[in-house]
Amino acid sequence: MAESYLEVALPVPLRRTFTYAVPPELEPVPVPGCRVLVPFRSRVLVGLVLDRMATARETGKLRAVTDTLDAEPALLPPLLALGRWIASYYLAPVGEVFRAMLPPEVELRRRRQFTVTAEGQRYRAELAALSHRSDAQAAELALLERLGGDARTLPERGLRRRVGSQAVAERLLRRGYLAVQDVAERRRLRTQKILAWNDAVAPAGATEERVHRALAVTYGPLPLPQLVERAGVSRAVVARLERQGRLRSWPEPLAVEEDPRETDFAVPASELNAEQRRCFEQVRTWLAAGEFAVGLLHGVTGSGKTEVYLRAVAEALARGRSALLLVPEIALTLRVGRLCRATFGDAVAVLHSALPESERARQWWRVRRGEARVVVGTRSAVFAPLESLGLIIVDEEHEAAYKQEETPRYHGRDTAVMRGKLEGAVVLLGSATPALESYQHARSGKYRLLRMATRVENRPLAAVEVVDLRGEFQRTHRADPLSEPLRRAIQEQLEAGTQVLLLLNRRGYARFLLCRSCGAAVQCRNCSIALTYHKQRDRLLCHYCGWAERVVRQCPTCGSEYIYFVGEGAEQIEERLRILFPRARIARLDRDTVRSRRAYQRVLGAFAAGETDILVGTQMLAKGHDFQRVTLVGVISADIALGLPDFRAAERTFQLLTQVAGRAGRGQLPGRVLVQTYYPEHYAIQFAARQDYEGYFEKESHFRRLLHYPPFTALANVLVRDRRLEQALRYARWLSEFFHAQSAPDLKVLGPATAPLARLRREYRYQFLLKSPRRTRLGAVLTAALAFCAQRQIPESTVLVDVDPQSLL
């Protein structure tokens, strides 16, 4: 057999691939798209084969592939091409891109294995020669003797069990007396026994009749625990019947049982109205053509976009193609997943990061084997291994949640468009408040615009009223988060027996703690941000790094006891509502109250069933929910996002207010929205109150064009970070010299400047903003900048490049 080599992408923060030799005995022979086990330094990593070569691209002695994990490619050619595009466009390490695309490695078990080095052998002899040893030396000698005896290596688990202290091994490792190596082993697949009745024999007696009825009449083959429960027999009886040949059995992979709320659900019957039918017919025409097309479905809240999505998915399936439906939040996969499962049955798979790794891997491989032809998921589901992909739907395409904030920093919406281009699929973007980039593409003809301007059944949009909190303060001389008009409106809805949604996009009880003597706020130890007070946990928390500490009684700066709680969060609003409306049933929906899928279902299920009168929460309330009895939506503070140092602040405010206003009046009863603000003149609030997207787009576009921001300019954010301030400053100065040498009329460089969050997770941060009307020019400069960093030996993890950033914080 001729010698061959593989180009392999490894999950390491390096912008390159690696070459490995293929040993003659390796079976099966890996092909592009397969996962392989390869040695890398002292570790064993799972890599992805990108190419197979007859000659090596690297010189010197090459290491060989250890094992092949896949008999058939995990990723097919279109996904391999998509991964290479992401690595090129977003300047991300290619191995980390493909790690994000692959399923969890549930078939592998990893462990560390320790070995004594030559220096360790000499140190062991020195310890053995000592007549008196300290406790630390005695522990070190015990470990070295254990490793130096019959067994030359010891797994980490055995080390903990036999020596009792891993700290001893870590100390010896730092001093060079031990060497450590990662070992990857195949994990035995967890299985369950499935039992079925042997049709060649007839049941005899009451016990066998119950077992026969369960397996052959009512349920069919069952796992052992379910058979014991449903037939009312013991495990001993089942074992006896199996020995007698009356039952057949076989192993199957252990699967997660479906939540009954995911399956016991029927989609309400509905007929398309004229606008829905026109949009669906257009999508059907694109699907019939079998070519790449991008459509922007701009429909007001409550216009029935979901029904168009479902009809489009059904049309794609009828044409023998598969479909992918993306939503911005994990919470929305519950509702959309239920709708799709009720419509398309077992052909649906749900993929998102909150699933257990075993379940995520199971769903991923169902899709890869073709058992699931419809995928519902969040941002990462854009990589679902669907074959013959015909339709990609991106719901709420404007949401910033589609942008990955960790490497690789891809945008799910734009990646979906590129995947559609590679697969020849139709891409349908949907939103009531499209991103300016998407709407500009539609107006320029790059995307095709579909409009749905009215709600289903011609229901009116909710009436929006702006409450000027400045006037409230002048009248009452106090700052109350619940204004008098809002309190009165809530009381009216409670008396009418309808429901209320209240939005405050801030978690916790108080925004921060302030010393009234010296003016200092209690800061996070790791970040340049004030800690938020959470009353229920009685802790001060950082929402960026997770740091927590007890509530201080004295100012850490001056020692004063005059500590003041500033601002309000959703927790405080809930408490105040319970005081004002003691007979109302009140619940809160935010990340503090719902930390699991079941908790989320419980809160929303109670509200949908009418068991809750008032639901208060963060932006989780604003997206995709359809509550028929909500007649009042209150926005506690519309100004929270407006003060952020980000060019998208007004756009986010407009989108959030318009989306949350769309939760009111979706049933037969009319809706009302009250928006509280200290800045009622701001154009984002004014256009949101009128629910006038076209007017807002023209106004915001004017500012963006003048200031050279997207969608009229390509933008990149380059962040320099380091735990040592002097190093961060030095690297930023070097990059500044490079960037300003590149300055030209077609490239504008802003910075370096201290980032809005100057310190985050113990790292000091400085940023550059690069703007260019030519995207190719911007990409070339960024690529050259990374090469410059490598030349100056700036660590790759120090310089973070964010192409098309959604946030500048």
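For the structure itself, look to the data block above.
Described below are features of the structure shown in this document. (Residues numbered from 1 in each chain as written. Predicted model: local features only at pLDDT ≥ 70, side-chain atom pairs only at ≥ 80, totals over all residues. Heavy atoms only, no water.)

Some points on the overall build of the chain
Here is step 1 of the chain: The secondary structure content of the chain amounts to 25 helices and 33 strands.
Here is step 2 of the chain: A globule of 809 residues ought to have a C-alpha radius of gyration of about 28 Å, and the chain, at 30 Å, matches this closely.
Here is step 3 of the chain: Taking all 809 residues of the chain together, the buried fraction comes to 51%.
Here is step 4 of the chain: Long-range pairs, those at least 24 residues apart, make up 74% of the contacts in the chain with a sequence separation of at least 6.
Here is step 5 of the chain: Per element, the accessible surface of the chain, about 37200 Å² overall, is 50% carbon and sulfur.
Here is step 6 of the chain: Distance from the positive charge centre (120 side chains) to the negative charge centre (90 side chains) of the chain: 3 Å. (Helix = DSSP H or I, 4+ residues; strand = E, 2+ residues; numbered from the N terminus. Rg over C-alpha atoms; globule rule 2.2 N^0.38 Å. Buried < 20%, exposed > 50% of the residue type's maximum accessible area, 1.4 Å probe, protein only. Contact = heavy atoms within 4.5 Å. Areas by Shrake-Rupley, 256 points an atom, 1.4 Å probe, with all protein chains shown as cover. Lys, Arg positive; Asp, Glu negative; His and termini not counted. Charge placed at Lys NZ, Arg CZ, Asp CG, Glu CD.)

Let's talk about the state of the cysteines
Here is step 1 of the chain: All chains considered together, the criterion is met by zero disulfides.
Here is step 2 of the chain: In this model Cys527 remains outside any disulfide bridge; the closest cysteine sulfur is found in Cys545, 3.8 Å from its own.
Here is step 3 of the chain: Overall, the relative accessible area of 2% leaves Cys527 in the buried class. (Disulfide = S-S within 2.5 Å.)

Considerations on the sheet that holds strand S28 (residues 630-635)
Here is step 1 of the chain: One open sheet accounts for six strands, arranged S19-S29-S28-S20-S27-S26; its pairing is parallel. Two strands lie at the open edges of the sheet, namely strand S19 (463-468) and strand S26 (586-589), each paired on one side alone. Pairs of neighbouring strands in the sheet enclose a mean axial angle of 20 degrees, with direction left out of account.
Here is step 2 of the chain: Of the strands in this sheet, S19, strand S20 (499-503), strand S27 (614-617), S28 and strand S29 (672-677) are in contact with helix H18 (residues 484-496), which crosses S29 at around 155 degrees. (Pairing = 2+ DSSP bridges. Axes fitted to C-alpha atoms, helices over the stretch in contact; angles between N-to-C directions.)

Re the sheet that holds strand S4 (residues 43-53)
Here is step 1 of the chain: With antiparallel pairing, five strands are arranged side by side in an open sheet as S2-S1-S4-S3-S5. The outermost strands of the open sheet, each flanked by one partner alone, are strand S2 (18-21) and strand S5 (67-68).
Here is step 2 of the chain: For strand S1 (residues 5-9) and S2, the ladder comprises four bridges, and the chain directions are antiparallel. Bridging across to S2, Leu6 finds its partner in Tyr20.

Observations regarding the nonpolar core
Here is step 1 of the chain: Counting residues in hydrophobic clusters, the biggest one holds 111 residues, and the most contacted among them are Leu75, Phe98, Leu615, Leu735, Phe739, Leu770 and Leu782.
Here is step 2 of the chain: By residue number, the principal contributor to this core is helix H25 (residues 775-791), which donates seven residues.
Here is step 3 of the chain: The contact partners of Leu735, leaving out residues within four places of it in the chain, are Val718, Val720, Phe768, Ala785, Phe788, Cys789 and Val799.
Here is step 4 of the chain: Counting residues in hydrophobic clusters, the runner-up holds 31 residues, among them Phe280, Ala312, Leu450 and Met452. (Core = buried A, V, L, I, M, F, W, Y, C linked by side-chain atoms within 4.5 Å.)

Points about the pairing of S20
Here is step 1 of the chain: With five of its five residues buried, S20 lies for the most part within the structure.
Here is step 2 of the chain: Side chains Gln499, Leu501 and Leu503 of S20 all project onto a buried face; the interleaved residues Val500 and Leu502 project onto the opposite face, where all are buried too.
Here is step 3 of the chain: As defined by bridge partners, S20 adjoins S27 across four bridges and the pair is classed as parallel. Bridge pairing in S27 links Leu503 to Gly617.

Some thoughts on the packing of aromatic side chains
Here is step 1 of the chain: Using the criterion set out here, one finds 22 aromatic pairs in the structure.
Here is step 2 of the chain: Between Tyr533 and Phe565, the ring centres sit 4.8 Å apart and the planes meet at 45 degrees, which makes this aromatic pair tilted. Highlighted residues: Tyr533 in strand S22 (residues 532-534) and Phe565 in strand S25 (residues 563-566), separated in sequence by 32 residues.
Here is step 3 of the chain: Among the aromatic side chains, those forming a connected cluster through ring pairs are Tyr439, Phe654, Tyr683, Tyr693, Tyr696, Phe697 and Phe703.
Here is step 4 of the chain: One cation-aromatic arrangement involves Arg516 over Tyr564; the distance from NZ or CZ to the ring centre is 3.9 Å.
Here is step 5 of the chain: The ring of Phe712 carries the charged tip of Arg705 above its face, separated from the ring centre by 4.2 Å. (Phe/Tyr/Trp six-rings, centres within 6.5 Å; stacked < 30°, edge-to-face > 60°. Lys NZ or Arg CZ within 6 Å of the ring centre and 35° of its normal.)

Overview of helix H3 (residues 118-129)
Owing to its 3.6 residues per turn, the α-helix brings residues three or four apart onto one side.
Here is step 1 of the chain: With twelve residues, H3 should cover 16 Å at 1.5 Å per step; its first-to-last C-alpha distance of 17 Å lies within 8% of that length.
Here is step 2 of the chain: Among the residues making up H3, those that are buried are Gly120, Tyr123 and Leu127. Take H3 and look down its axis: the buried residues cluster within an arc of 60 degrees, on one side only. Seen from the buried face of H3, the exposed residues on the opposite side, beyond 90 degrees, are Arg122, Glu126 and Ala129. (Expected span 1.5 Å × (residues − 1). Arc of directions from axis to C-beta.)

Remarks on the side chain of Gln659
Here is step 1 of the chain: By the element assignment, Gln659 lies in helix H21 (residues 649-661).
Here is step 2 of the chain: For Gln659, a relative accessible area of 3% gives the class buried.
Here is step 3 of the chain: Not counting residues up to four positions away in its chain, the partners in contact with Gln659 are Thr301, Glu396, His398, Ser431, Ala432, Thr433 and Ala622.

Details of the environment of Glu465
Here is step 1 of the chain: Relative to the assigned elements, Glu465 resides in strand S19.
Here is step 2 of the chain: Residue Glu465 is classed as partly exposed on the basis of its relative accessible area of 33%.
Here is step 3 of the chain: Sequence spacing of Glu465 and Arg690 is 225 residues, and the spatial spacing of their C-alpha atoms is 9.2 Å.
Here is step 4 of the chain: Residue contacts for Glu465: discarding those within four places in its chain leaves Arg672, Val673, Leu674 and Val675.
Here is step 5 of the chain: A polar side-chain atom of Glu465 sits 2.7 Å from a polar atom in the side chain of Arg672. (Polar contact = N/O pair within 3.5 Å; in protein donor to acceptor, adjacent residues only side chain to side chain.)

Let's talk about the pattern of salt bridges
Here is step 1 of the chain: Going through the model one piece at a time under the given rule, you end up with 49 salt bridges.
Here is step 2 of the chain: Between Asp480 and Arg478 there is a salt bridge, with the nearest N and O atoms lying 3.1 Å from each other.
Here is step 3 of the chain: By relative accessible area, which is 12% here, Asp480 ends up buried.
Here is step 4 of the chain: Between Arg704 and Glu700 there is a salt bridge whose closest N-O contact spans 3.0 Å. Of this pair, Arg704 and Glu700 both sit in helix H23 (residues 693-707), separated by four residues, roughly a single helical turn. A single burial state applies to Arg704 and to Glu700, both of which are buried.
Here is step 5 of the chain: What emerges from the salt-bridge pattern is a single network uniting Glu437, Arg648, Glu651, Glu700 and Arg704. (Salt bridge = Lys/Arg side-chain N within 4 Å of Asp/Glu carboxyl O.)

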